[in-house]
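Here's the letter readout for the chains.
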Amino acid sequence: MTAGDRDRRPACVAIVAVHGVGSPAQFSTARAAADLLVQYQPNGASFGAFEERQLIIPTEPLPVAPSAPPAVTYIRRPGPASILAELAKDRSFVGRNREEPSPPDVAFMRAQLQDYASAREPYETAELVGERVDRSGARTAVHVFEMHWADLSRMGSGLLRVLGALYQLMLHISHLGRKTLDIGSQFAPQPEDQELNEAWQRFSDWHAAAIRLFAIGMPVAILLMLVSAAFFIPAGVGPERRPVVGVVAAVIVLLGVAGVFCFTRLRTARAAHAYAATFLVIVGAGAWLGFRLPARAEPFGTLALTASLGIIVASAWVALLGLYDESQPGSRRLARWGVLLTTALTVMSCVRAPIDTRLELAEKLRQAAFFAFQWGFVLFSVTWLVLWAVAFVTFVLGIRVLMLTPSQPAMRRLLRAAWTARVTLGFSLLASSLVVLVGYETALSLAVQHTSYVDLLPRAQLQTVWSWFLPAPAGSAIDFFEALIAAGGTLALPHSMAGLAAALLMVAWFIALIMLTSIRTPGPNWPLAEQLGFWFTAGFRWLRAAGNVATTVFFVGFLAGGIVAFAPAIFHVAWQDGLTQFFDPMRTTQIVRSIAYVLLASAATVAAVQARLAVITTQARPAIGIILDVDNYLRESPRTATPRARMAERYASLLRHITERKNPDGTAFFDRIILVSHSQGTVITADFLRFLAEEKIASPAVSPSRFRLVTMGSPLRQLYAQHFPYLYGWIDSWEDVQPPLSGGAPGGKSPDPANLRVGTWVNLYTSGDYVGRTLWRSESAPGVWAREPFSAAPGAGDRRERCLGAGTHTHYWTSADVAAEIDVLIT
């Protein structure tokens, strides 16, 4: 091919479409980008039909340099102290101790990538090929690709996804605040300011301790209670059915154990034959025992059923804790000590309060399990009280850091980071409290409804293991279990719910505005577009204020409730009647019972409860989807397969395929590559490009001469920089040297396109977008929410920002203005 032939070759442009939240179907984003160009034929150009091709691209992880060693080390010692070594793994130590320290976001991403064990799973995507013809007849080939990441962020489907969402809301969301303070302690104070460094370290350490108590101590205590309750089952089975049920359970367990042994230990072709023979022997022996055992062989059935339950529970315990320990290091070791302590305390209780010898064996075992259940509840309550004490100390230490912070910009970042830590912990605590209490009430309700099949509740004389710590065993077993709901420092739950209601009332108009604009999307030229933008800006401020109100009422209320509940027994304090009536435990019981019945307990069966959970989670998904995506994106576990590492591998592999595609003469196939990203996709794209630039990674070859970036509805500034001010300080660092509300043009402000190695960065937003808004302009600048034509949008060389008028967060892929912006970058 001659130079003249190359000059006559039509230009070729690649568009990479990156979706946002909402789990769109695979290939749908690439099709939406192509549909956008075909539908609007922007700027007088003509786009013909696009042909869709399937691509299977090999994947290869990014080359990553080692991270800095942790700034804090823990000494491993035998016994309980060794838990500290494992607990240190859940901290975000990105370090400032390198010879050339990296920015916190780059160091954080490197830590997520360095232990990644790639499976090199091929990436299946679509390539849509079309052509643009302008008014002069000049042709440009347009290839649209898709970077799909939702499958890497969301785990499982159906009930597994429901349980995963509950786990995140209950336990993992709180780690977002822990990450924020961890990184702040390493990068906020100057290295030479020893006093502020030490104050920051104590602040982040105590907050991390609160997270550990919450995310490790409380789940272990709850698991101990569930394990103990499982041994209520033998006595719940009728004596006449117990022998047969015990034999059947033993046969099932033995078959499972034999199958695992034969499959894992016998590594020859005889393994299947050995298991088949074992299967016949066990089933035959079980059938013979089932027919031969007389009905009076109740003790044998009890022992067989109890032993079978023990094996099942122990196996589930080991498997679950092994899985949980990957994301919460130290859980497995702490659980072992919890089992030993609970067992010792249960034996002590059985000795101090002998069980009636006239009871049948199954009821004696249930009484012992009842003792173990109570000790599990005691451990849960103690952990709960210590957690609140640690949270209070953390609050005091945070005030100390604020007093030592030298400048107003640094104070603003500290307050934003503290808000994130406080709200995420408070949200997780409230969510876990409600889920645990409602689940407890639901299980109790289902147990009462099915007593004719399995009578799980103890029938013998109830005895408490710690009379001044637990409710008096007055009445039946169900009365005692109901009383436990109101114990354990939850007396203030009604007041915390009232505080949450007050916080929601503060932002009810904001939520209603989101709902109304989502139901009926205003057009771009809606005359009230500017008012809509200013109202949403005010709404975000009210939302932060509501978070302060909710967490204040929640933390103060629960702390006061715990003091009122336990001080009389511990310190022999006599409260006035007015105070005890204000913290009436029956209110907690009534609220939990009402919520449980409305949501779950009204379902007649376990299957109905599962269906109800699925419906509730599906309906709530739009409201919590953003939170879950943020949490998944910043997740640091499992270290060998973090979601961000998998996304980076896929993104890098796709861009390698695009940048390394060649013409027959060896020249680059694509003259220009346009990355069009929406919502969370803008964060993934910006972080990825910045990491490539900062780490000087040459493949994929991203350069300002070839690459252009479009972000739509980007939450980089209003969500990420606002709530993770140290990790995303590169987004709004200009506010540290200029007043936050100054200026309306993007020139000279961060983020800088050069730091991403893109030649042009265009940010698009609407006044009704409740997720992503401006990047460079102040939300209070004149005209910032008015619809701007292309020619009037403010720009500064390599960056430009444009308001598309009224609209919402989800309609960029159908906007004629977006089509015009992409077309301009194509040419």
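As a starting point, this report considers the structure included with it.

How each quantity is defined
- Position numbers for residues count from 1 along each chain, tracking the sequence in the order it is written.
- For a predicted model such as this one, the threshold for reporting local features is a pLDDT of at least 70, and the threshold for listing and counting side-chain atom pairs is 80 or more; totals across whole chains, interfaces and linings nevertheless cover every residue.
- The basis for the side-chain values is all heavy atoms of the structure; hydrogens and waters are excluded.
- The way it works is that DSSP assigns letters per residue, a run of H or I at least four long becomes a helix, a run of E at least two long becomes a strand, and they are numbered from the N terminus.
- Using a 1.4 Å probe on the protein chains alone, a residue whose accessible area is under 20% of its type maximum counts as buried, one over 50% counts as exposed, and one in between counts as partly exposed.
- Should any heavy atoms of two residues lie within 4.5 Å, those residues are considered in contact.
- Residue-level accessible areas treat just the shown protein chains as cover; the underlying method is Shrake-Rupley with a 1.4 Å probe.
- A pairing counts as a salt bridge when a side-chain nitrogen of Lys or Arg comes within 4 Å of a carboxyl oxygen of Asp or Glu.
- Orientation is described by axes fitted as lines to C-alpha atoms, over the contacting stretch for helices, and by angles from 0 to 180 degrees between their N-to-C directions.
- Note on terminology: angles under 35 degrees are roughly parallel, angles over 145 are roughly antiparallel, angles of 65 to 115 are roughly perpendicular, and the others are oblique.
- Under the convention adopted here, Pro, Cys and the residues Ala, Val, Leu, Ile, Met, Phe, Trp and Tyr are nonpolar, Asp, Glu, Lys and Arg are charged, and Gly plus all remaining residues are polar.
- In this description, strands pair whenever DSSP reports at least two bridges between them.
- Every crossover in which the path from the first strand over the helix to the second runs clockwise, viewed with the strands pointing away from the viewer, is termed right-handed.
- Between 30 and 60 degrees the pair is tilted, below 30 it is stacked and above 60 it is edge-to-face, where a pair is any two Phe, Tyr or Trp rings, Trp via its six-membered ring, whose centres lie within 6.5 Å.
- In protein, a polar contact requires one atom able to donate a hydrogen and another able to accept it; more generally it is a pair of N or O atoms within 3.5 Å, and residues adjacent in sequence count only if both atoms are side-chain atoms.

## Examining the overall build of the chain
Across its full length, the chain holds 26 helices and nine strands. When burial is assessed residue by residue, the chain has 52% of its 827 residues classed as buried. Pairs at least 24 residues apart make up 80% of the contacts formed inside the chain by residues separated by at least 6 positions. Total accessible area computed for the chain in this model is approximately 36000 Å², and 65% of it derives from carbon and sulfur atoms.

## Topic: the environment of Val 683
Secondary-structure assignment places Val 683 in helix H24 (residues 680-694). Of the residues examined, Val 683 reaches a relative accessible area of 0% and is grouped as buried. Along the sequence, Val 683 and Val 630 sit 53 residues apart, while their C-alpha atoms lie 9.8 Å from each other. Ignoring sequence-local partners within four residues, the contact set of Val 683 consists of Tyr 633, Pro 715, Leu 716, Tyr 720 and Tyr 728.

## As for the pattern of salt bridges
Going through the model one piece at a time under the given rule, you end up with 30 salt bridges. Residue Arg 413 is joined to Asp 732 by a salt bridge in which the shortest nitrogen-to-oxygen separation is 3.1 Å. With a gap of 319 residues between them, Arg 413 in helix H15 (residues 408-449) and Asp 732 in the loop between helix H25 (716-723) and strand E8 (760-765) connect regions that are remote in the sequence. Accessibility assignment for this pair places Arg 413 and Asp 732 in one class, buried. For Glu 788, the salt bridge goes to Arg 777, with nearest N and O atoms at 2.9 Å. On the criterion of sequence distance, the pair formed by Glu 788 in the loop between E8 and strand E9 (799-803) and Arg 777 in the loop between E8 and E9 is long-range, its members being eleven residues apart. Each member of the pair, Glu 788 as well as Arg 777, is classed as buried.

## Considerations on helix H4 (residues 104-113)
Most of H4 sits out of view: ten of its ten residues are buried. Every buried residue belonging to H4 is among Pro 104, Asp 105, Val 106, Ala 107, Phe 108, Met 109, Arg 110, Ala 111, Gln 112 and Leu 113, and all of these are buried.

## Considerations on the packing of helix H8 (residues 194-230) against H15
Orientation of H8 relative to H15, taken along the N-to-C sense of each, is 10°, at an axis distance of 12 Å. Relative to H15, the element H8 is oriented roughly parallel. Residues Trp 200, Phe 203, His 207, Ala 210, Ile 211, Phe 214 and Ile 222 of H8 form the contact with H15, whose participating residues are Leu 414, Ala 421, Leu 425, Ser 428, Leu 429, Ser 432 and Val 436. Residue classes in the contact of H8 with H15 are distributed as eleven nonpolar, three polar and no charged.

## Re the pairing of strand E7 (residues 707-712)
Burial analysis of E7 places six of its six residues in the buried class, the great majority of the element. Of the pairings in the sheet, the one linking strand E6 (residues 672-678) to E7 comprises six bridges and is parallel in character. Directly across from Leu 675, in E7, lies its bridge partner Leu 709. A crossover links E6 with its parallel partner E7, the connecting element being H24, and its sense is right-handed. Pairing of E7 with E8, which is carried by five bridges, proceeds in the parallel orientation. When the bridges of E8 are listed, Arg 708 appears paired with Thr 760.

## Here's the deal with the pairing of E8
Counting buried positions over the six residues of E8 gives six, a clear majority of the element. Burial along E8 is two-sided: the face carrying Thr 760, Val 762 and Leu 764 and the face carrying Trp 761, Asn 763 and Tyr 765 are both buried. Pairing geometry for E8 and E9, over five bridges, is parallel. Of the residues in E9, the one forming a bridge with Val 762 is Arg 800.

## A look at the packing of aromatic side chains
For the structure shown, the criterion picks out 24 aromatic pairs. Between the aromatic rings of Phe 370 and Phe 480, the centroid separation amounts to 5.4 Å while the plane-to-plane angle is 70°, which identifies the pairing as edge-to-face. Note that Phe 370 is positioned in helix H14 (residues 361-404) and Phe 480 in helix H16 (residues 477-486), a separation of 110 residues in sequence. Looking at Phe 370, the relative accessible area reads 1%, which means it is buried. Judged by relative accessible area, which is 1%, Phe 480 ranks as buried. Ring geometry for Trp 509 versus Phe 510: centroids 6.1 Å apart, planes at 70°, classification edge-to-face. For Phe 510, a relative accessible area of 4% corresponds to the buried category. An aromatic cluster is present here, built from Phe 232, Phe 370, Phe 373, Phe 480 and Phe 481 joined pairwise through their rings.

## Observations regarding unusual backbone geometry
The residue after Ser 699, namely Pro 700, is reached through a cis peptide bond having omega 10°. Within the secondary structure, Pro 700 sits in the loop between H24 and E7. Following Ser 750, the chain continues into Pro 751 via a peptide bond in cis, with omega recorded as 5°. The topology assignment puts Pro 751 in the loop between H25 and E8. Even without being glycine, Asn 43 reaches a positive phi, approximately 55°. For Asn 43, the location among the structural elements is in the loop between helix H2 (28-40) and strand E2 (46-47). The exposure class assigned to Asn 43 is partly exposed, which follows from its relative accessible area of 42%. Here Arg 120, not a glycine, exhibits a phi torsion of approximately 50°, which is positive. Tracing the chain through its elements places Arg 120 in the loop between H4 and strand E4 (123-133). The class for Arg 120 is partly exposed, based on a relative accessible area of 48%.

## Side note on the side chain of Asp 687
Its location among the elements puts Asp 687 in helix H24. For Asp 687, a relative accessible area of 3% translates into the label buried.

## So, the packing of H15 against H25
Two elements in contact, H15 and H25, have axes whose closest approach is 8 Å; the angle formed by their N-to-C orientations is 85°. Put simply, H15 runs roughly perpendicular to H25. Here Arg 416, Trp 419 and Thr 420 of H15 lie close against H25, whose contacting residues are Ala 721, Gln 722 and His 723. Here the residues of the contact of H15 with H25 are counted per class, giving two nonpolar, three polar and one charged.

## A look at the side chain of Gln 112
You can see Gln 112 is positioned in helix H4. By relative accessible area, which is 2% here, Gln 112 ends up buried. Side-chain polar atoms of Gln 112 contact the backbone oxygen of Arg 635, separated by 2.7 Å. The residues contacting Gln 112, other than those within four sequence positions of it, are Tyr 633, Leu 634, Arg 635, Glu 636, Arg 639, Thr 642, Arg 644 and Ala 645.

## Re the environment of Ser 174
Within the secondary structure layout, Ser 174 lies in helix H7 (residues 174-187). Considering only alpha carbons, one finds Ser 174 and Arg 422, 248 residues apart in sequence, at a separation of 8.6 Å. Setting aside chain neighbours within four positions, we find Ser 174 in contact with Ile 211, Phe 214, Thr 424, Leu 425 and Ser 428.

## Focus on the environment of Val 13
By secondary structure assignment, the location of Val 13 is in strand E1 (residues 11-18). According to the relative accessible area criterion, Val 13 is buried, its value standing at 1%. Taking the C-alpha atoms as reference points, Val 13 and His 143, separated by 130 residues in sequence, lie 6.3 Å from one another. Setting aside anything within four residues of it in sequence, one finds Val 13 in contact with Thr 140, Ala 141, Val 142, His 143, Phe 670, Arg 672, Ile 674 and Ile 826.

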